[in-house]
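Analysis of the macromolecular model
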Amino acid sequence: MAEELSKPFDKSAMTLQERAEHSKETRIQIISFAFMIGLTVLSFLAVGTEVLATGFVVPFILLLGVIQFFLQLFYFMHLKDKDHGWPNMLFSSGLVLSAPVVISLILLLGIVKW
Amino acid sequence: MADHVDVSQGLPAEPHRATLEGKNKFLAMWCFLTGETIMFATFFGTFLGLRHQTAGGPALADLVALPLVFFMTMLLLTSSLTSVLGILAMKKNNFKAMRNYFVITVLLGFGFIGCEIYEFYHYYHAGLGYTTSAFASSFYTLVGLHGFHVLFGLGWIITLLSRYWNAGVTLTNAHKFYAASLYWHFIDVIWVFIFTVVYLLAAGGA
């Protein structure tokens, strides 16, 4: 077994069904990439054209950022796939810990100024 | 052996998770990325708290060139796609395509680093030194830490490519390339927040 681990293969063991799923997956990835480009262009335009009020632009670009964040995680990093229960659990616990970190640092350094 | 994977039919459809080592590495990588998220959260929080403390020095709104930031974003986003395509090629046992996609990823990453060095050089000569203000320190630390991650990721992928340049997709290297691509996506995820929270927020006047 040990030497087989570093032996290249002359073919893939993918079944026809797996091949179909693979090309579907490729399509999905390219579509999500197009979405991400669209979101990025939209948020840069929202700020760059300076036609929108600041009070609207800030929550708008933050929302676009959050959407793109989840697109990256679930599509490019495959969190949407099955067998990703542990990564999902780990990463969401990371987000749960990150939220109070960011909020308390903003409050302590930026507003209360201890 | 703890792993009984059938290799007689060719490369398994999920080569990066076919062995116990691959499965462990996959989980450990996610564990590591979770820790990285929390670390970046502390730097983001510090930056957001200190972003108005310019101490008479230049603010980001005076310096930032949105077209350059947009160009850098496109470079990094595209490099994320090419590493996705590389992993998809790897699953099909198409080693040459995977190698080419990762080479493109590395080139785009170097383009990004070049832009960032130019950007920092420009800011420094416009009067924004590392110790100019609390804003300057937190800005350079946050964006520089991300830049260091890009550099580390480039070193990682280049090492894998040079070591396995002619190896083909094997059960030893599949999970290594997969881990590197996860790390590369994570860099892109962080950049999404940097261009939104650091650059666009400053340029938007908030």
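Predicted, not measured: the structure shown is a model, and the values here were computed from it. (Residues numbered from 1 in each chain as written. Chains lettered and ligands numbered in written order. Predicted model: local features only at pLDDT ≥ 70, side-chain atom pairs only at ≥ 80, totals over all residues. Heavy atoms only, no water.)

1. Structural notes on the domain arrangement of chain A
Buried accessible area, meaning the area lost when the parts come together, often serves as the stated size of an interface. Residues and elements named next belong to chain A. This is how it is decided: Annotation comment: domain bounds sourced from an automatic or database domain assignment. Any two residues having at least one pair of non-hydrogen atoms within 4.5 Å are treated as being in contact. Summed over both partners, buried area is the accessible surface (1.4 Å probe) that two parts give up on being assembled. We define a salt bridge as a contact between a side-chain nitrogen of Lys or Arg and a carboxyl oxygen of Asp or Glu at a distance within 4 Å.
Here chain A is described as being made up of domain 1 (19-81) and domain 2 (82-114). Each of domain 1 and domain 2 has a C-alpha centre, and these two points are 21 Å apart. Taken together, the contacts link 8 residues of domain 1 with 7 residues of domain 2. Across the domain 1 to domain 2 interface the summed buried area is about 550 Å²; carbon plus sulfur atoms make up 70%. The largest per-residue losses of area from domain 1 upon contact with domain 2 belong to Phe69, Leu79 and Asp81, which jointly make up 70% of the total buried on that side. At the junction of domain 1 and domain 2, the tally comes to 0 salt bridges.

2. Observations regarding the side chain of Thr54(B)
Applicable threshold: Where helices and strands are cited, they refer to DSSP runs of H or I of at least four residues and of E of at least two residues respectively, numbered from the N terminus.
One can find Thr54(B) in the loop between helix H1 (20-50) and helix H2 (60-63). With residues near it in sequence (within four places) discarded, Thr54(B) still touches Ala59(B), Ser133(B) and Phe135(B).

3. Focus: the pattern of salt bridges
Under the convention used in this document: In this scheme, a residue with accessible area under 20% of its type's maximum is buried, one over 50% is exposed, and one in between is partly exposed, where area comes from a 1.4 Å probe on protein chains only.
All chains considered together, the criterion is met by 4 salt bridges over all chains. Salt-bridge contacts for Lys80(A) lead to Glu25(A); the nearest nitrogen and oxygen are separated by 3.4 Å. Note that Lys80(A) is positioned in the loop between helix H2 (54-76) and helix H3 (85-112) and Glu25(A) in helix H1 (residues 16-48), a separation of 55 residues in sequence. What makes Lys80(A) partly exposed here is its relative accessible area of 32%. Among the ionic pairs, Lys91(B) bridges to Glu14(B), the shortest N-O distance being 3.6 Å. With a gap of 77 residues between them, Lys91(B) in helix H3 (residues 66-91) and Glu14(B) in the segment before H1 connect regions that are remote in the sequence.

4. A closer look at the packing of helix H4 (residues 95-125) of chain B against helix H5 (residues 134-163) of chain B
Each pair of packed helices gets described by two things: the angle between the helix axes and the distance between those axes. All names here are of chain B. The following threshold applies: Geometry is summarised by axes, namely lines fitted to C-alpha atoms with helices restricted to the contacting stretch, and by angles between N-to-C directions that run from 0 to 180 degrees. Here is the rule for angles: anything less than 35 degrees is roughly parallel, anything more than 145 is roughly antiparallel, 65 through 115 is roughly perpendicular, and the remaining ranges are oblique. Put simply, a crossing is left-handed when the front helix is turned counterclockwise from the back one by less than a right angle, and right-handed when it is turned clockwise. Basically, the charged four are Asp, Glu, Lys and Arg, the nonpolar ten are Ala, Val, Leu, Ile, Met, Phe, Trp, Tyr, Cys and Pro, and anything else, Gly included, counts as polar.
The geometry of H4 relative to H5 is characterised by a closest axis approach of 10 Å and an angle of 155° between their N-to-C directions. In terms of orientation, H4 and H5 fall into the roughly antiparallel class. By crossing handedness, the relation of H4 to H5 is classed as left-handed. A class-by-class count of the residues in the contact of H4 with H5 yields 18 nonpolar, 5 polar and 3 charged.

5. What to know about the environment of Leu151(B)
All names here are of chain B. With respect to the element layout, leucine 151 can be found in helix H5. Residue classification places leucine 151 among the partly exposed positions, given a relative accessible area of 44%. The sequence separation of leucine 151 and phenylalanine 112 amounts to 39 residues, and the corresponding C-alpha distance is 9.7 Å.

6. What about the UniProt feature "transmembrane region" (unreviewed entry) in chain A?
All names here are of chain A. Filter applied, for reference: UniProt positions are given in the numbering used here, feature names are shortened, and annotations may be inferred rather than shown by experiment.
Under the local residue numbering, the UniProt record ascribes the feature "transmembrane region" (unreviewed entry) to residues 28-47, 53-77 and 89-112. When the span residues 53-77 is considered, its composition is 92% helix and 0% strand, and the gap between its end C-alpha atoms is 35 Å. Helix makes up 100% of residues 89-112 and strand 0%, and the two end C-alpha atoms of the span are 34 Å apart.

7. Points about the packing of aromatic side chains
Two measures describe an aromatic ring pair: the distance that separates the ring centres and the angle between the ring planes. Residues and elements named next belong to chain B. Operational definition: Ring pairs are drawn from Phe, Tyr and Trp, using the six-membered ring of Trp, whenever the two centres fall within 6.5 Å, and their geometry is named by plane angle: stacked under 30 degrees, edge-to-face over 60, tilted for the rest.
Going through the model one piece at a time under the given rule, you end up with 29 aromatic pairs over all chains. With 6.5 Å between their ring centres and 35° between their planes, phenylalanine 148 and phenylalanine 152 make a pair best called tilted. Note that phenylalanine 148 and phenylalanine 152 are positioned in helix H5 at a spacing of 4 residues, about one turn of the helix. Arranged with centres 6.2 Å apart and planes meeting at 70°, the rings of phenylalanine 152 and tryptophan 156 form a pair that is edge-to-face. Of the two residues, phenylalanine 152 and tryptophan 156 both sit in helix H5, 4 residues apart, roughly one turn of that helix. The class of phenylalanine 152 is partly exposed, set by a relative accessible area of 45%. Look at tryptophan 156 and you get partly exposed, because its relative accessible area is 23%. Following the ring pairs from residue to residue traces out a cluster consisting of Phe47, Phe112, Phe120, Tyr123, Tyr130, Phe135, Phe139, Tyr140, Trp191 and Tyr199.

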